[in-house]
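Topology and contacts: notes
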Amino acid sequence: LHDHKASRLVLFCGNFGVLLLNPSWLSIDGGRTALDVLEKMVNVTMMRGAQSGGVVTFEPTKFTRSKGETVADSAPPSLRGVRSRVVNAKRTDLSKKVRGKVVQDNCERLTGNLRGFDKPEYTVNTGGGRLVRGFFGHTRFATSSKATFDGTHPHQWSRRREYNIFPFSSSSANNTCSGPRRMGVENYITHNGDFEFYKCNGKYYDVEVVQKWLENVLQVPMPAAVDSAAIAGVIDLLRTQGSFALSLRFALSLTLQNSQIEEDPAVSYPTMSEYEEIAKPFEDTLIELLSCPRTNGNCNMGLEDIGSNPKERAALSLRVAKKLREQLDVLEVKTTSSLGDTTRRKRGPHFALSRLSKFVSSDAEDAEFTKFINQTVDAFFDNDLMFSTHLFLRDAKGSFGLAVCSSLDAHRQVCFAARGQTLSVAFYPRKGLICYGSEQAAVKAGLSFSNPGGNLVNGESCETDNAIRLDLDDLGGEICLLDWGFAGDAEPSISQPNRHLTVDRLMNVSVALLHQSQQYKPLQKRLVLLENNEFVRPLGEDCEDPVLQDLRDIPRICHNLQEDWKEVGLNRFTAWNLASCISARMKAIVDGKMARHGSSVDILVTGCEVSLWVAEQFVGDLAKSFPKLFVKAVSSNKLLALFGQELAMPCPGFPYSQKTLDMKDPIVIIVSHSGGTFGPLACSNLLQSFSTSIFAVTSEWDTQVGKQLRSMYS
C-alpha cells in the first residue's frame, strides 16, 4: 500500500486472456467457441473500464502447406505477434468490437476460421511439438490520460526485429546447440495499475524520466505517453536470454557502477547494429565451448552445461574478456598532426567498439570491465521471461497486475504478476482451457461454454477434474509462470536464479510461483473450486437489454432475500455476529471500559462510488438505531490516503484526518458490489491492523475482499 499515490488510488483497467491447451478448441469449429469465451471475458472485465481494449496473439511466421504435413523441427518456432486494438464509441459494446477486430486480424476472410486452425502447428502430429494458441488482452479506463488508440493495451515499445538467438529449453532437455538462429523478437505487456518509479543503482527515477531515457537506450520513439508503455520498454531491456546483443544492452545501461537513468544522456548509447558487432566475440567464444566434448565424453556440451556450471560461465567470461580487451586495446591510435593536436583514428571493422570504450575501459586493473562481461554473460543465461518480470517488480514502484509475453517464449510459456492489483488464473481440466483475468468473475467464463470436441476426461470424472482457480497474492506480491512445454520437453524452462522454486503441475502445465513476501501457503491449499461449489455462482446468461432484465429480476431477488433470511444460512449467521459485536461494544461503553470522545469511531462503514452511497444510507439507519454510538461512513480512498501511506495525504474539503478519526478496534463494514474494487479491497488489508471485527457486503460469497478477510483466520 505504501507504493501508491493518493491521487492514483482509483484504478479501472483489467487484464484477461485464454490459453487453448486442447487443440479441438481450434480444429472443430475454427476457434469460434474459443472467441465466444474471449468475448464473454471482455464483457465481464468491462466493469473495470470500457473505453478501449485490445488482444495480442502469436502465430508462426510461416505455416506448413498442407494438413498432412508434419512439423519435424523440435526447435522453438519463429513466432510473430498479431495485435488487435479498438477504441470504444459512446454507444457501442466493447466486447463485440474487440471480437470483431480479432476476427478481422486473425481469421480467414472466406471461412471465418482462425488462421492455422487445421495446420500441423496447432494439431496433434508425430513430427514435433504442437503450439498452444493464447490470447492476451486488456480493457482500459483512462484515469490519468485520454482514451486514445496509442494508449490502448497490449503495449509494445520496440517493434519486431531479428537477432541471433541461442534457443533455450528446460534443464532436462537436450540443450546441444551448434550456433544461433536468426529469430524475430517482440515483447508485449498488459498492465492494470500505475507505474510510478524505477530504481537504478539505488536511486529511484520518476516514470516521466524513465520514458525519455528509454527512447535513448532503446533508440525507439515513445509509442505512447501512458505509463504502461514504459513497462513494455523496460521489459525490452530485461528479457535478454539467448541473445548476446540484447544482454550487452542490458548490462551497459543498468548494471555498471555509473549507470543512471537520464532524460538526456551525456554519452549516446550504441545502436543495435553496434551491439550486434560487439556481441560477435561472445557468440564465437560460446560456439567454441559448445563444440567441446562433455566430461563424460558422450557428446558436445550444451547451453545447460555451461549456464548451470559457475566454472564454465567463468571460463566463457574470461575468454570473452581476453578477446574484447585485445580489440579495445587496438581501437585508438593517437597521432600528432602538424598543429600538435591529438586525433583519433579508427581501425578495422570494429567501429562499434569505440562506442563501448566510452562506457568501459580495457585496463586490466579496471574491475568495471570484468563486471560488465560477467553481467552480460549472466543476462544471456538468466534473463528469461520469469526472471525478467522479477527484476522489473524488484526495482519498480507502483501497483501492478501484469501479463508478460514474448515471441521467444509464447510457444511454451507466459508470465503473470500481481502486486497491489488482483489477478486470478482458472484451470479447466475437462475442457483443456485456462482463463486468467484481473476480474475474478471473468475467469468463470469457461463454465459457460463446452469444448467443441467434448471433454478430455473420458468415463466417470473425479473431483480432481473440476475447474479450479488460483488467486495471486496481490498484497505481498507474486509472480506466476505457466509453462506447458514444447516438443516433448514437458519440464518447465526456468533459468538458474529461479530453479529453487517449487513447481506444481496442473493440467500437465507447470506452475511456478515466486513470492515477494515470506508468508505463503502451498499451491494446493490456495485453490478455489469453481465447479460443484455452492459458494461460487456461474456467470449469468447474456441478454439484449440488461436494464430491462434487471427490472424483471427485482421480484425474484426480493423473494430470494426473504427466503434466505427464513433459514439459518450464512447471511443470518453473519448478521448475528454483527449484532453480537455491537452488543459487546455497547456493554463495554456502559461499563466504562472504553474511553470515548468526539473523534471516536464505533462503527466504520466504507466503500467507493455507488457502494459508498449505499454505505452512507446504511449509516443513516444505524445512527438512528444506535444514537449513542459514533457511526461514520468514509470513502475507502480517503482511508487509504490517511492511513495507507508513509506520509498521510491531506483530505481538503473533508472533515477527515488522523486526529479526527480515532480508530481503536472499531466495527468495520466494507461495502463493495464486485468485491474487487481497488479501494475497498485495499482497505480489507489495511484495516486488519485497526480492527478485529471486519464484515463485508458484496454481491456473492466468492470475492477478493472475502478472500482477504478469510486470511485473518487462516
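Here we summarise the structure given alongside this text. (Residues numbered from 1 in each chain as written. Predicted model: local features only at pLDDT ≥ 70, side-chain atom pairs only at ≥ 80, totals over all residues. Heavy atoms only, no water.)

Section: the overall build of the protein
For the protein, the helix and strand inventory stands at 18 helices and 23 strands. Expressed as a percentage of its 714 residues, the buried residues of the protein come to 55%. For the protein, contacts bridging at least 24 residues in sequence account for 75% of all contacts bridging at least 6. Carbon and sulfur atoms make up 52% of the accessible area of the protein, which amounts to about 31,900 Å² in all. (Helix = DSSP H or I, 4+ residues; strand = E, 2+ residues; numbered from the N terminus. Buried < 20%, exposed > 50% of the residue type's maximum accessible area, 1.4 Å probe, protein only. Contact = heavy atoms within 4.5 Å. Areas by Shrake-Rupley, 256 points an atom, 1.4 Å probe, with all protein chains shown as cover.)

So, helix 7 (residues 272-290)
Over its 19 residues, helix 7 runs 25 Å from end to end, which matches the ideal 27 Å to within 8%, given 1.5 Å per residue. A279 marks where helix 7 bends most, by close to 40°; the proline P281 follows one to four residues later. (Expected span 1.5 Å × (residues − 1). Bend = angle between axes of the 7 residues up to and from the residue.)

Brief notes about the sheet that holds strand 22 (residues 667-671)
Across the sheet, four strands lie side by side as 21-20-22-23; this open sheet has parallel pairing. Of all the strands in the sheet, the pair left with one neighbour each is strand 21 (631-635) and strand 23 (693-697). Mean inter-strand twist for the sheet, computed between neighbouring axes without regard to direction, equals 20°. Inspection of the sheet shows strand 22 paired to strand 23 by five bridges, in the parallel sense. Each bridged residue has a counterpart across the sheet, and for V668 the counterpart in strand 23 is I694. (Pairing = 2+ DSSP bridges. Axes fitted to C-alpha atoms, helices over the stretch in contact; angles between N-to-C directions.)

Some remarks on the nonpolar core
Counting residues in hydrophobic clusters, the biggest one holds 85 residues, and the most contacted among them are F195, Y198, L214, L286, F372, F392 and L402. Core analysis: the next-biggest nonpolar cluster, separate from the first, contains 69 residues, V86, L131, A403 and F486 among them. (Core = buried A, V, L, I, M, F, W, Y, C linked by side-chain atoms within 4.5 Å.)

Looking at the environment of L687
The residue L687 is located in the loop between helix 17 (678-686) and strand 23 in this model. For the pair formed by L687 and D665, sequence separation is 22 residues and the distance between their alpha carbons is 9.3 Å.

Examining helix 5 (residues 227-238)
Over its 12 residues, helix 5 runs 17 Å from end to end, which matches the ideal 16 Å to within 8%, given 1.5 Å per residue. Across the 12 residues that make up helix 5, a large majority, 12, are buried. For helix 5, the set of buried residues is D227, S228, A229, A230, I231, A232, G233, V234, I235, D236, L237 and L238. Its buried side turned inward, helix 5 meets strand 7 (187-200), helix 4 (207-218), helix 6 (244-254), helix 12 (385-395) and strand 11 (396-406).

Side note on the pattern of salt bridges
As enumerated under the stated definition, the model contains 35 salt bridges in all. As a salt-bridge pair, R239 and D409 come within 2.9 Å of each other at their nearest N and O atoms. Taken together, the residues span a long stretch of sequence, with R239 in the loop between helix 5 and helix 6 and D409 in the loop between strand 11 and strand 12 (413-419) at a distance of 170 residues. Here R239 matches D409 in class, with each residue buried. Measuring nitrogen to oxygen at the nearest pair gives 2.8 Å for the salt bridge that ties R469 to D471. Judged by its relative accessible area of 1%, R469 is buried. According to the relative accessible area criterion, D471 is buried, its value standing at 6%. Among the charged side chains, a salt-bridge network with shared partners connects D36, E39, K96 and R99. (Salt bridge = Lys/Arg side-chain N within 4 Å of Asp/Glu carboxyl O.)

Here's the deal with the sheet that holds strand 4 (residues 133-140)
Strand order in the open sheet made by the eight strands is 3-2-4-1-14-13-15-19, with antiparallel pairing throughout. In the strand order of this sheet, the two ends are held by strand 3 (79-87) and strand 19 (528-529), each with one partner. As paired elements, strand 1 (residues 13-20) and strand 14 (residues 433-437) share five bridges and run antiparallel to each other. Note on strand 14: the bridge partner recorded for V18 is C435. Against the sheet, helix 2 (residues 32-45) contacts strand 1, strand 2 (52-60), strand 4 and strand 14, and its axis sits at roughly 165° relative to strand 1. Taken strand by strand, helix 3 (residues 94-106) contacts strand 2, strand 3 and strand 4, and its axis lies near 145° from that of strand 3.

A closer look at the packing of helix 2 against helix 3
Between helix 2 and helix 3, whose axes approach to 8 Å, the crossing angle comes to 145°. Helix-helix and strand crossings are classified by hand; for helix 2 and helix 3 the assignment is right-handed. Judged by residue contacts, R32, L35, D36, E39, V42 and N43 of helix 2 engage L94, S95, K96, V98, R99, V102 and V103 from helix 3. Tallied by class, residues from the contact of helix 2 with helix 3 come to six nonpolar, two polar and five charged. (Left-handed = near helix turned anticlockwise from the far one by under 90°. Nonpolar A, V, L, I, M, F, W, Y, C, P; charged D, E, K, R; others polar.)

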